[in-house]
Amino acid sequence: MGQDHFAVFTDMESVEDKLHNIFEDIKVANEGKTLPVHVGIYSMAFEDVTASSACDRAKIVSDKEKGAYVSKFAYYDENTHAAATHFEYVINNFEKAMAEGWIRPYYQQLIRSVNGLVCDEEALARWIDPVRGLIPPDHFIYVLEDAKLIHKLDLFILECVLRDLEDVRDKDYPIVPVSINLSKYDFELCDIVEEIAKRVKASTIPTNFITIEITESVSSLDSDFVATQIRRFHEAGFQVWMDDFGSGYSSLNILQKFDFDLIKFDMKFMREFDLSKKNHVIIRELIQMATKLGLDTVAEGVETIEQVKFLREVGCSKLQGFYFAKPIPLDEWYAIYGAKVGNKIENYEENDYYAAVSRTNMVEPLVNKDYTWKANEFFGQLPTGILEVSGKDIYIMRYNRTMADFLLRVNYIDEVDLGHELIKQKQTPIEELIQVLNSCSTYNKWEIIENIVIDKLNMNLFIRKISTNPVTGNEAFELVIVSIND
Ligand code: C2E
Ligand code: CA
Ligand code: CA
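All values derive from a computational prediction rather than experimental measurement.

Parameters and conventions
- Residues numbered from 1 in each chain as written.
- Chains lettered and ligands numbered in written order.
- Predicted model: local features only at pLDDT ≥ 70, side-chain atom pairs only at ≥ 80, totals over all residues.
- Heavy atoms only, no water.
- Pairing = 2+ DSSP bridges.
- Helix = DSSP H or I, 4+ residues; strand = E, 2+ residues; numbered from the N terminus.
- Donors = N, O, S within 2.8 Å, 3.2 Å for Na, K, Ca; no water.
- Buried < 20%, exposed > 50% of the residue type's maximum accessible area, 1.4 Å probe, protein only.
- Contact = heavy atoms within 4.5 Å.

Novice: Tell me what's going on with the sheet that holds strand β12 (residues 384-390), and back it up with residues and numbers.
Specialist: Sheet architecture is open: six strands sit in the order β14-β13-β12-β17-β16-β15, paired in antiparallel fashion. Strands with a single pairing partner mark the edges of an open sheet, and in this sheet they are β14 (423-424) and β15 (447-454). Bridge count between β15 and strand β16 (residues 457-468): six bridges; the pairing is antiparallel. Considered in β16, the bridge of I449 is made with L461.

Printed below as a string of structure tokens:
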């Protein structure tokens, strides 16, 4: 047939015995230095087709065993047939499906941990077929990758997203950045950076409203090449996110090699969340590492309130999953938004403020190392929190475990509050604390506050101003309790 491919026309009687004999002979041929033989069998009893179709079908079966280290044979059967028919259907109808709008993006909202608002959306491709019904991406993406057509899908989804964003904005509804998924093959099939930049430029949507998601499978491409493409995306004004972190093998390596803005933890972390406490340690440390590297984090597949509580406490920046929202088409979002139900949308102007709050490392707060306190110092994790001052009110935006314990003990919050965004404290805010906070006027400079009395406890604190919300005028402060004095 070509290269090392052969076709054999034979009768079915004792075909398996014959093959076993060949496999044995091959083993000892060429002094044993031979490769395995992979055989696909097409029986005319399955369906009477032309010789060339029969050969094609036999080849489909033999290709399935490509990676196997031992000689094998398999038959073309109903399963193979269904898969092959599906494969053909996808390829033959792909152009039409785009033209007719059978393929379109669904949108899933991402929630910012510290405020519970929608800060991003992810575009996920759906093929709603008039004959076959809803075809999920898992059923057509691998086909398009195999047929070297995947870049056409990804650029088509981008065009749909741009049109949808324009439509939402023209209706005077709020818009948030939308991320699109790229396949590693996109980088081989076209100049994907150029193609994306060109389309965004031709639209009326600013570049920072489109985010690029790349899976860690790109690590199988040349790393200098990938690093260059990421740099080009950055130069063109796009954020680049690493998708499915932890699903493959080269995860840590990839963070060192490539310059991502955010990492998305693969859904498997949430799926295994309840299985053992070890998983909690792993997630906590990974988020900690990402934060130290200056990267934002998203946990995918968040489905329960326990997961939400945990992720907020360990400082995961954004949350995505069925707990908050499922992927839905734009029409459905319009209906939800029009009815004033559903998740509230963040004002994009507040993005930098909330991003600064999210990025603060509270597991190991970076307080002045050389300052020593006289009295009872905390050992281990210092109670650290982020407070938002809004006029005479103080909200708790973030807290670590020791801060949560402290706040519960002094009765400022209830157990049920944990896991919720922007906790309002139960007691009237202490005037003195508000004054102290307001006196911290320089950004990012640690102030030392000695002997402040909160709820009869005399404390020493470190406080720094993180950021001001340009829309509301609210200010966020990081507060570390360094010691509680006798
Ligand atoms: P992904 O990028 O990891 O997308 C997240 C997938 O998880 C989506 O599946 C989403 O519907 C699902 N999901 C979200 N929240 C939850 C949850 O709480 N629980 C569970 N069990 N699942 C959740 P979907 O839409 O079927 O997409 C599957 C994959 O197909 C995507 O995984 C992505 O890799 C790929 N894909 C989707 N659209 C495109 C596209 O336009 N281009 C390319 N190249 N790939 C795409
Ligand atoms: Ca994705
Ligand atoms: Ca993912």
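Read on for the rest.
Novice: Tell me about the coordination of the calcium ion (ligand 2), and name the residues and values.
Specialist: Taken together, the protein ligands of the calcium ion (ligand 2) are E122 (OE), N181 (OD1), E213 (OE) and D243 (OD), with distances of 2.2 to 2.3 Å. Coordination of the calcium ion (ligand 2) draws on donor residues from a single chain, spaced E-x58-N-x31-E-x29-D in sequence. A spacing of 4.1 Å is found between the calcium ion (ligand 2) and the calcium ion (ligand 3), which share D243 as a donor. Of this pair, E213 sits in strand β7 (residues 210-215) while D243 sits in strand β8 (residues 239-245), and the two are 30 residues apart along the sequence. Of the two residues, E213 and D243, neither departs from the other in class, the shared state being buried.

Novice: If you had to explain the environment of I263 to someone new, which residues and values would you point to?
Specialist: Residue position: I263 is located in strand β9 (residues 262-265). By relative accessible area, which is 0% here, I263 ends up buried. Those residues in contact with I263 that sit more than four places away from it in its chain are M242, F245, L255, A290, L295, D296, T297 and V298.

Novice: Describe the coordination of the calcium ion (ligand 3), with residues and values.
Specialist: The protein atoms that coordinate the calcium ion (ligand 3) are D243 (OD), D244 (OD), E300 (OE) and E300 (OE), at distances spanning 2.1 to 2.7 Å. Here the donor residues of the calcium ion (ligand 3) share one chain and are spaced in sequence as D-D-x55-E. What makes D243 buried here is its relative accessible area of 4%.

Everything listed here is a matter of geometry and, on its own, says nothing about what the molecule does.
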